[in-house]
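The primary structure of each chain is shown beneath.
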Amino acid sequence: MTEDLRAAALEAINRSQAAADSDYPVVHLAPPVGRLNDPNGLLVEGGTYHAFYQFSPFHPHRKLVYWGHASSDDLLHWTQHEPAIIPDSYYDRSGAYSGGAVVLDEDEACGLPASSRYQFFYTGNLKDPVTDERTASQCLVTSPDLERFTKWPDNPLLPAHPAGYTAHFRDPQVWRDPDDPGSFRMILGVQREDLTGAALLYRSEDLRSWRLEGELSFPDADGAFDHFGYMWECPGLVRLTDELTGQVRDVLIWCPQGIAPEDEGYENIFPCVYTVGCLEGTELRECDGTFAEVDRGFEFYAPQPFARRPSEPGPVLLVGWAGNASQDDQPSIETGGWVHALTVPRTVALRGGRLLQRPAVPLPADAAALSIVGRRLEGATPIRELDGHGSWHLRLEADPADARWGLRIGDEACCVTIEFLYDDDGAARLVVDRSRSRYTRHGATRTVTLPAGTPPRLEVVHDRSITELFVGDGALVFTLRSFVAPGTTGASVIGESVHPVAGCAVCFD
Ligand code: FRU
C-alpha cells in the first residue's frame, strides 16, 4: 500500500512541541515541526499574504520535502495550514522542490477553468533508488481557493532538463511579461554540462506549454557571469524604478553556488547576490557585471517576492530563508524539534543601482520612545522599555560624532553584540559578534565595512532566536540566528560614548 504522506505529516505536526520552545519566534514564520528552508509560492490575495515554504516534517530522521503553507493578514502573525504539496507522485517522490506562484485575474483565465486561479510551479525531484541518478522536472499545482491544491494531471510540464545542461535544473519563478501582455515567462536555475551555473528562460501563453527561449545572457557585463559558480539556485527577477535616476530596472536576484570568498563578504557556504540591468528578450542589457550580496548576515538564502494579481498592485515585498544549506545544527532541534525560519517580509527599492530593504511592517507612529537613562561610560545600559520582552522591533539613531555605539541583545554571559566603529578617517564598520551565544558554529563574528556616508541609524527586528539588522535606512541588511540565553529578554545600549539621539520600539510578546 502506498504510504499516506499527508497523514504522516499531519501526525508529526500534531505531536510537535515546537511552538512551546522559548526560542520559537513570534513574528517570523518557522516550521510547525521539523525543518524549513526556502520560501515558495509567496502571494498576496485580498490583503492576505500566503507563504509556502520547503518543509521537511520528519527532519532529522527522514529527508522528504513538502510545501508547507501559512497565511497572515498583518505580515507579523502567521497561521499554519495543512501542507499544500505532498511529494507522493512518481515525479516528486524525492521532494517537491522550490518554485513560485502566479495569481490570475478573472479576465486572464488563459482558457483555464476557475479552479486554476492560483498556479504554483515547482520542481519535482526524483532520485533513482538504485543508481541515485537525479531527474528534475518542472510541475504545476493549481488551487481555486488556497485550501484545495491539485496536481496538474499532465505533470510534469517540463519532464527533464534540455540538452547542454545537467539534472541540476530547478526553482521555477513565473511572472507576466510586462512588455508583452498575455505572455508569461519562467526563469530556472541550471548547471551547464561544463559544470558552470546559468539561468534559463521559458515562455508560455497558457501557462501549460512552455518553450525554451534560451539562457539568460549579459551582453554588457564583460563575461563577469560566464563562469560564476557551479550551479545557480533560485533565480528571480524584480522590476523596480531607480529612485535616483527614475530608470526602470530589472534586478536579478540569485544564489550562485561555488563563488570564492573574498576578504570581506561571501563568507557563507553559498551566497545570494543581485545585479541590475534591463531584460530584453533573453539579455539582461546594461548590466555592467557588478553584483553585491543581498544580505550580509550569517544566515540568508533563496529570497523571492510576493506575486500579485494585476488588479491588486502593491510594493515589491521580499522574503528570504534565514538559513543556509548543511547548517541544521541549531539548538532548537534539541529543544523543540524544529529548525530555521523565514525573514520578515521586506519592502525593496532601488537607489543609485543599490537595493534598499526595510521591514515591510514599519514601526508604528505611536511606538514607545526609548528612555536610555543612567548611561555609563563603560559597559551596557539596559533599555527599560524592552525589559521582560524577547521579541521586538526598535530603531536607534546615534550622534554622528560618536566613535563607537551599538546594541547588546541578551545578558553579558550569553549575548549577541552589534557595534558600529568609526575610524578617524571616517571609515565605518559594523561588527556583529555572537561568539558568546548558544550558536557560534557557522560564523561567530563578522565585520562589514559600511558604504561611505551610511547614516548612524539602526533598525532591529529581534524575535527570540532570530535578528535582522537594517542599517542606514536599509542600505545594508544583516540577518542572523541569535540564540541568546533561553528566555532572555531585553537589550542594552553599548559603548563608551553612545548617545542615541532618537529611539523607539514596539514589543511583540
Ligand atoms: C535552495 C534549494 C533549491 C531547491 C530546494 C530544495 O535552498 O537547494 O535549489 O529547490 O532548496 O529544498
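Scroll up for the structure.
Rules behind the numbers
- Residues numbered from 1 in each chain as written.
- Predicted model: local features only at pLDDT ≥ 70, side-chain atom pairs only at ≥ 80, totals over all residues.
- Heavy atoms only, no water.
- Helix = DSSP H or I, 4+ residues; strand = E, 2+ residues; numbered from the N terminus.
- Rg over C-alpha atoms; globule rule 2.2 N^0.38 Å.
- Buried < 20%, exposed > 50% of the residue type's maximum accessible area, 1.4 Å probe, protein only.
- Contact = heavy atoms within 4.5 Å.
- Areas by Shrake-Rupley, 256 points an atom, 1.4 Å probe, with all protein chains shown as cover.
- 1 Å grid on protein atoms, 1.4 Å probe; cavity = no way out; pocket = protein on both sides within 12 Å on 5 of 7 lines; lining within 4 Å.
- Points joined across faces, edges and corners; volume = space filled by probe spheres on them.
- Nonpolar A, V, L, I, M, F, W, Y, C, P; charged D, E, K, R; others polar.
- Near = heavy atom within 4 Å.
- Polar contact = N/O pair within 3.5 Å; in protein donor to acceptor, adjacent residues only side chain to side chain.
- Phe/Tyr/Trp six-rings, centres within 6.5 Å; stacked < 30°, edge-to-face > 60°.
- Lys NZ or Arg CZ within 6 Å of the ring centre and 35° of its normal.
- Pairing = 2+ DSSP bridges.
- Axes fitted to C-alpha atoms, helices over the stretch in contact; angles between N-to-C directions.
- Disulfide = S-S within 2.5 Å.

A. Seen up close, the overall build of the chain. Along the chain, the regular secondary structure elements total two helices and 34 strands. Relative to the 2.2 N^0.38 estimate, which gives 23 Å for 509 residues, the radius of gyration of the chain is 23 Å and therefore close to what a compact globule would have. Projected onto the principal axes, the alpha-carbon positions of the chain cover approximately 70 × 55 × 45 Å. The proportion of buried residues among the 509 residues of the chain is 59%. Long-range contacts, defined as pairs at least 24 residues apart, comprise 61% of the intrachain contacts of the chain with a sequence gap of at least 6. For the chain, the exposed surface amounts to about 19800 Å²; the carbon and sulfur share of it is 50%.

B. Examining empty space enclosed by the protein more closely. Summed over the entire model, instances satisfying the criterion amount to two cavities of 30 Å³ or more. Each pocket or cavity is described by its volume, and for the largest cavity that value is around 120 Å³. If you trace the largest cavity, you find 18 residues lining it, with Gln173, Cys234, Pro235, Pro303 and Gln304 closest to the centre. At the level of elements, strand S5 (96-103), strand S9 (165-176), strand S13 (231-241), strand S14 (248-257) and strand S18 (301-305) are the ones that each hand at least two residues to the lining of the largest cavity. Tallying contributions element by element places S13 first for the lining of the largest cavity, with five residues. Partitioning the lining of the largest cavity into residue classes produces 12 nonpolar, five polar and one charged.

C. Just the site of the ligand, in detail. In the region of the ligand, the neighbouring residues are Asn37, Asp38, Gln54, Tyr97, Ser98, Arg170, Asp171, Glu233, Tyr301 and Trp321. One nitrogen or oxygen atom from the main chain of Ser98 is found 3.1 Å from an oxygen atom belonging to the ligand. For the ligand, an oxygen atom lies 2.8 Å from a polar atom in the side chain of Glu233. Summarising the interface, the protein chains cover 89% of the accessible area of the ligand, which totals 320 Å² for the free molecule. At the level of elements, strand S1 (34-45), S5 and S9 are the ones that each hand at least two residues to the shell around the ligand. Partitioning the shell around the ligand into residue classes produces three nonpolar, three polar and four charged.

D. The arrangement of the packing of aromatic side chains in detail. Per the stated rule, a full pass over the model turns up 28 aromatic pairs. Here the aromatic rings of Phe298 and Phe478 are separated by 5.5 Å at their centres, their planes lie at 90 degrees, and the arrangement is edge-to-face. Note that Phe298 is positioned in the loop between strand S17 (292-293) and S18 and Phe478 in strand S32 (residues 476-481), a separation of 180 residues in sequence. Pair check on accessibility: Phe298 and Phe478 agree, each one buried. One aromatic cluster is present, formed by Phe218, Phe225, Phe228, Trp232, Trp254, Tyr266 and Phe291 through successive ring pairs. One residue, Arg208, lies across the ring of Trp152, its end atom 3.9 Å from the ring centre. A cation sits over an aromatic face here: Arg434 above Phe298, 4.0 Å from the ring centre.

E. Spotlight on the sheet that holds strand S12 (residues 211-215). Sheet architecture is open: four strands sit in the order S9-S10-S11-S12, paired in antiparallel fashion. The sheet is open, and its two borders are formed by S9 and S12, each paired with just one other strand. Direction aside, the axes of adjacent strands within the sheet are offset by 25 degrees on average. Here eight bridges tie strand S10 (residues 184-192) to strand S11 (residues 197-204), and the two strands are oriented antiparallel to one another. Bridge assignment links Gln191 to a residue of S11, and that residue is Gly197.

F. Layout of the state of the cysteines. All told, the structure shown has zero disulfides when counted by the stated rule. Lacking any disulfide linkage, Cys504 is separated from the closest cysteine sulfur, that of Cys507, by 11 Å. Judged by its relative accessible area of 11%, Cys504 falls in the buried class.

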